[in-house]
Amino acid sequence: MSFGGINTMRSALQANQRSLQIIGHNVANANTAGYSRQAMSLVAGEPVTKLLSGGQPAQFGTGVREAEIIRYRNDFLDRQFRNRNALAGFHEGFNIGLVQMELIFNEPTEAGLRVRFDDFWEAVQNLNNRPGDLDTRIQFRERAGALVDHARFVYKQLSEARQSYDTNMIDKIAELNSSLRQVAALNERITRATAGGQSAGDLEDRRDILLDNLSRLAGATISKNSLGDVSVWIDNQIVVSNVMYAQVTQERLPGSEVTTFHWDITGDPATFTTGEVGALQHLRDATVPDYVEYLDTMIRTFAERINEVHRDGYGLDSVSGRNLFAVGPGPLNIAIDPLILQNSDWIAAAKAPEPPATTVSVGDSRNAWDMLQVRDEAILSGGLVGTRSVTAYDYLRAMNTLLGIQSQDSRRNQEAYQLQASQANDLRMSVSGVSLDEEMTKMIEHQHAYNAAARVITALDEAIGQVIDRMGIVGR
Amino acid sequence: MRVTTGMVANSVGTNLNNLRRRLARVETEMATGKTILKMGDGPSAGSEVLRLNTGTRTLDQWEANMNDLNGWVASTEGALNHMTNALQRMRELTIQGSTASMSKAALENLSMEVDAIREDLLATSNQKHAGYALFSGHKIDVKAFDFDAATGTTTYNGDSGTTLREIGPGVNIASNVPGSDLSSDLFRVGWEVAEAMRNEDTAAVGNLLTRIDQVLDSVITTRAVVGVRANRLEQAKSQAVDSRVNMTMLLEQAQGVEFERAILELKQVEVAYQTALQVGARIIPPTLVDFMR
């Protein structure tokens, strides 16, 4: 008789109690984001060889051993999720930006550039019909002004949007930097723990949440190393390696409207092609500048052509060679010429006076008629419309249709990738998520096992007690 | 596949969100009557809407121009008709005055009537339409004709300019007839007839008949030109009516909400939403904990 039996049961009590603890930890974290459920891995203890009373040696079990705490996590599913998460993040950000731009251009409503073009051509017709009237001249000037002013307003809003993307980038990159720092710190703690043989489930969970976030922000990819640390890449740059981490630095170069980003370790420019930051960078550096260029090309070409015709014509003072629009350098730097603002008589509605007359006739609107023809002239080509030559109206339509297509596409992509990301996340949760029913069932199992083990101890205790207290006492 | 409580809750949440989004979309469509509110809602339909909206505005302008032209054509035709009638009366008087047996007093009376007709012709040629001189060409602020009764000289103060107005695609019509298109003899011939009558030169009066006929012909020809404009206006008007019907229909097709379809969709989504709510409420709450002692 030895105390080995009690020892065996003691191991059972401890194992079941610890298992209950872990179950409790799971239940407490049932709603924690990014939590991977844990379970105690129990193995039978090393058997010892004893001699049976029948003469044969046999192996006796020594109870239960707590082998390790398992963390339920699937690296492959993590990788799948993060790939899709990056794309979902990109298209979400991209779509938000494009919808913003749709609202700025505001077509096909009665508040966009289209209606201002319509208004302008109506004013040209009225000027052609009644060139001698002061109100038609003033209407012509006002509507020409309203057209270029609204274009300039659209540009201003696009610039402001661009600045907001820049500011958002700065914010998100601050988040990125912080996450990189924390991943490196966790790397250190995890490698220390696993070197000592510990399992570090909760620390790994924390690191995985950061890695999920990094994938959404910038499409970060990772590789796991044997020591338990992870290396992180962003756009083919290694940014975390064990305890070393890179940070993104920012600066405003003189004369630049936006911030420039660099990786501090290599000094290379930080470019982001996917994730939320990727979307912001694309909007800031490609999409908005493209549309600013389209808008500028359209209004500038239109204004210069009208100016060409206007210079050919004569004002009521019989002077020609004046511009209607003041066209300056820089995007959308176009407004009504200050001379025309001063005096609407100088609007060149007429053509050269026919000899023997030397002064312009009040009712001469032949130059207004020529201006009207510009409406149907194919004055724009290249860039947005490639090798074709199109009218200003066609160009406006093409520009807005392209925006609409891009917006529609990005919305569809966002919905598709978000769905894929959700599905991948469901698969992850299927492996790592806490199911309360499951935990309750396990809890009952361990409870019963604990109670049973306690009972067995009592029985063994009684048996030993019998030997110690009651053996050798006869007839007392 | 292992299903956790979290997965069920997520799924219910996402589905409810999607249904709410569809409800919001249907509501917006029904409230605005439009399916295209921004270009991304349907890029090619949006492009059509842009084109049709501009087309409608252009059509509006053409119709305004047509109404304007109607006024000009009516005034011009009226003036030319009046001149035709006046010249025909002058012709009658000239024939009378060419009779050799006319008395001096009778010829005197005839000459006074001829003078009156000449002055009437002058007044007609100097008419205005909507504040602009009718026959002065581009010089709309200037009296078209002066006639010096002492010397019999006609002075045209206007120019040969015409103003075009657009009434359809590539369809342009001049609004005015410049005075330079009228016969230069318009007033002189009557003056000479009156002079001859006062001189009792009935032979000379008779000879002037040819010139009166020439002036009459030129006025009639000019009236015919204006008549052609009136015809083209008629055609353009009926075409504009067709275009407008067409455009309105195309706009409806591109962006209009079919209310029957929208209401059906609203019903469907409503039912789906309520069902999802009920089902969600039933599957999320219960766990094993509720049943354990």
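1. Looking at the overall build of chain B
- Scanning chain B for helices and strands turns up seven helices and six strands.
- Along chain B, helices (α) and strands (β) appear in the sequence α-α-α-β-β-β-β-β-β-α-α-α-α when read from the amino end.
- Against the compact-globule benchmark of 19 Å for 293 residues, chain B has a radius of gyration of 39 Å, which places it well outside the compact range.
- Along the first, second and third principal axes, the C-alpha atoms of chain B reach 145 × 30 × 25 Å.
- Looking at chain B residue by residue over its 293 residues, the buried ones come to 42%.
- The contacts in chain B between residues at least 6 apart in sequence include a share of 70% that link residues at least 24 apart.
- When the accessible surface of chain B is split by element, carbon and sulfur atoms take 54% of a total near 14700 Å².
- Computed over 29 positive and 35 negative side-chain charges, the inter-centroid distance for chain B is 14 Å.

2. Digging into the packing of helix 4 (residues 134-195) of chain A against helix 5 (residues 201-218) of chain A
All names here are of chain A.
- With their axes 9 Å apart at the nearest point, helix 4 and helix 5 run at an angle of 150° to one another. Between helix 4 and helix 5, the crossing angle belongs to the class labelled roughly antiparallel. Where helix 4 crosses over helix 5, the two elements pack in a sense that is left-handed. Across the interface between the two elements, K172, E175, L176, S179, L180, Q182, V183, L186, N187, R189 and I190 from helix 4 touch L203, E204, R206, R207, L210, L211, N213, L214, L217 and A218 from helix 5.

3. Thoughts on the confidence of the model for chain B
Residues and elements named next belong to chain B.
- Summarising the model, chain B shows a mean pLDDT of 93, and 100% of its residues fall at 70 or more.
- Ranking the elements of chain B by mean pLDDT puts helix 5 (residues 202-207) last with 89 and helix 2 (residues 43-97) first with 95.
- With pTM at 0.90, the complex prediction returns an ipTM value of 0.91.

4. Quick notes on helix 8 (residues 366-373) of chain A
- All buried positions along helix 8 of chain A are accounted for by N367, A368, W369, M371 and L372 of chain A.
- Check the buried side of helix 8 of chain A and you find it contacts helix 3 (113-129), helix 4 and helix 6 (275-312) of chain A together with strand 5 (164-168) and strand 6 (171-174) of chain B.

5. A look at the pattern of salt bridges
All names here are of chain A.
- Taken as a whole and assessed by the stated rule, the structure comprises 64 salt bridges over all chains.
- Taking the shortest distance from any N to any O, the salt bridge between D376 and R375 comes out at 3.1 Å.
- Several salt bridges converge on common partners, so that one network encompasses R71, R73, D78, R82, E204, D205, D208, D212 and R428.

6. Focus: the pairing of strand 5 of chain B
Residue and element names in this part refer to chain B.
- Summarising burial for strand 5: four of the five residues are buried, a large majority.
- Relative to strand 6, strand 5 is paired through four bridges, and the arrangement is antiparallel. Looking across to strand 6, one finds that R165 is bridged to I173.
- Here strand 5 hands over to strand 6 after two residues, with G170 in that stretch at a positive phi of 70°.

7. Details of the packing of helix 9 (residues 392-432) of chain A against helix 2 of chain B
- Direction vectors running N to C along helix 9 of chain A and helix 2 of chain B enclose 155°, while the axes themselves pass 8 Å from each other. In terms of their interaxial angle, helix 9 of chain A and helix 2 of chain B are classed as roughly antiparallel. In terms of crossing hand, the pair formed by helix 9 of chain A and helix 2 of chain B is right-handed. On helix 2 of chain B, the residues that touch Y393, R397, N400, T401, G404, I405 and Q408 of chain A of helix 9 of chain A are P43, S47, L50, R51 and T54 of chain B.
- Taken together, the residues that form the contact of helix 9 of chain A with helix 2 of chain B break down as four nonpolar, six polar and two charged.

8. Let's talk about a nonpolar patch on the surface
- On the surface, F3, V467, I468 and M471 of chain A cluster together into a nonpolar patch covering about 440 Å² of accessible area.
- By relative accessible area, which is 59% here, M471 of chain A ends up exposed.

9. A few points about the layout of surface pockets
- Approximately 1300 Å³ is the volume attributed to the largest pocket.
- For the lining of the largest pocket, the leading source of residues is helix 1 (residues 5-32) of chain B, giving 15 residues.
- Taken together, the residues of the lining of the largest pocket break down into nine nonpolar, 19 polar and 16 charged.
- Each pocket or cavity is described by its volume, and for the second largest pocket that value is around 650 Å³.
- Residue lining of the second largest pocket: 29 residues in total, with T58, W62, G168, P169 and M247 of chain B positioned closest to the centre.
- Listed by contribution, the elements that provide at least two residues to the lining of the second largest pocket are helix 9 of chain A together with helix 2, strand 5 and helix 6 (209-255) of chain B.
- Taken together, the residues of the lining of the second largest pocket break down into 12 nonpolar, 10 polar and seven charged.

10. Focus: the packing of aromatic side chains
Residue and element names in this part refer to chain A.
- In this structure the tally under the stated criterion is 15 aromatic pairs over all chains.
- Between the aromatic rings of F120 and F140, the centroid separation amounts to 5.7 Å while the plane-to-plane angle is 35°, which identifies the pairing as tilted. Residue F120 is found in helix 3, and its partner F140 is found in helix 4; the two are separated by 20 residues along the sequence. By the burial criterion, F120 is buried, and F140 matches it.

11. Overview of the sheet that holds strand 6 (residues 230-234) of chain A
Residues and elements named next belong to chain A.
- Read from one edge to the other, the open sheet built from four strands follows the order 5-6-7-8, with strand pairing classed as antiparallel. Of all strands in the sheet, those with a lone pairing partner are strand 5 (221-224) and strand 8 (244-245), marking the two edges.
- Alignment of strand 7 (residues 237-241) against strand 8, held across two bridges, turns out to be antiparallel. Residue pairing for strand 8: S241 is matched across the bridge by M244.

12. Examining helix 7 (residues 259-283) of chain B
Residue and element names in this part refer to chain B.
- Taking 1.5 Å of rise per residue, 25 residues should cover 36 Å, and helix 7 covers 36 Å from first to last C-alpha, within 8% of that figure.
- Along helix 7, the residues classified as buried are A262, V269, Y273 and G280.
- On its buried side, helix 7 packs onto helix 1.

13. Here we look at the interface of chain A and chain B
- With 58 residues of chain A in contact, the opposing surface of chain B contributes 48 residues.
- Around 4300 Å² of area is buried between chain A and chain B when both sides are counted, 53% of it from carbon and sulfur atoms.
- Summed over the shared surface of chain A and chain B, the result is six salt bridges.
- For E102 of chain A, the salt bridge is made with K38 of chain B, and the minimal N-O distance between the two is 3.5 Å.
- The interface formed by chain A and chain B contains 23 residue pairs in polar contact (both at pLDDT 80 or more).
- Broken down by secondary-structure element, the contributors of at least two residues to the side of chain A that touches chain B are helix 2 (75-105), helix 3, helix 8, helix 9 and helix 10 (436-470) of chain A.
- Its residues assigned to classes, the side of chain A that touches chain B comprises 18 nonpolar, 19 polar and 21 charged.

The rules behind the values
Residues numbered from 1 in each chain as written. Chains lettered and ligands numbered in written order. Predicted model: local features only at pLDDT ≥ 70, side-chain atom pairs only at ≥ 80, totals over all residues. Heavy atoms only, no water. Helix = DSSP H or I, 4+ residues; strand = E, 2+ residues; numbered from the N terminus. Rg over C-alpha atoms; globule rule 2.2 N^0.38 Å. Buried < 20%, exposed > 50% of the residue type's maximum accessible area, 1.4 Å probe, protein only. Contact = heavy atoms within 4.5 Å. Areas by Shrake-Rupley, 256 points an atom, 1.4 Å probe, with all protein chains shown as cover. Lys, Arg positive; Asp, Glu negative; His and termini not counted. Charge placed at Lys NZ, Arg CZ, Asp CG, Glu CD. Axes fitted to C-alpha atoms, helices over the stretch in contact; angles between N-to-C directions. Parallel < 35°, antiparallel > 145°, perpendicular 65-115°, else oblique. Left-handed = near helix turned anticlockwise from the far one by under 90°. pLDDT = per-residue confidence, 0-100. Salt bridge = Lys/Arg side-chain N within 4 Å of Asp/Glu carboxyl O. Pairing = 2+ DSSP bridges. Nonpolar A, V, L, I, M, F, W, Y, C, P; charged D, E, K, R; others polar. Patch = residues over 30% accessible without salt bridge, like charges linked within 9 Å, V, L, I, M, F, W, Y side chains within 5 Å. 1 Å grid on protein atoms, 1.4 Å probe; cavity = no way out; pocket = protein on both sides within 12 Å on 5 of 7 lines; lining within 4 Å. Points joined across faces, edges and corners; volume = space filled by probe spheres on them. Phe/Tyr/Trp six-rings, centres within 6.5 Å; stacked < 30°, edge-to-face > 60°. Expected span 1.5 Å × (residues − 1). Buried area = accessible area lost by both parts, 1.4 Å probe. Polar contact = N/O pair within 3.5 Å; in protein donor to acceptor, adjacent residues only side chain to side chain.

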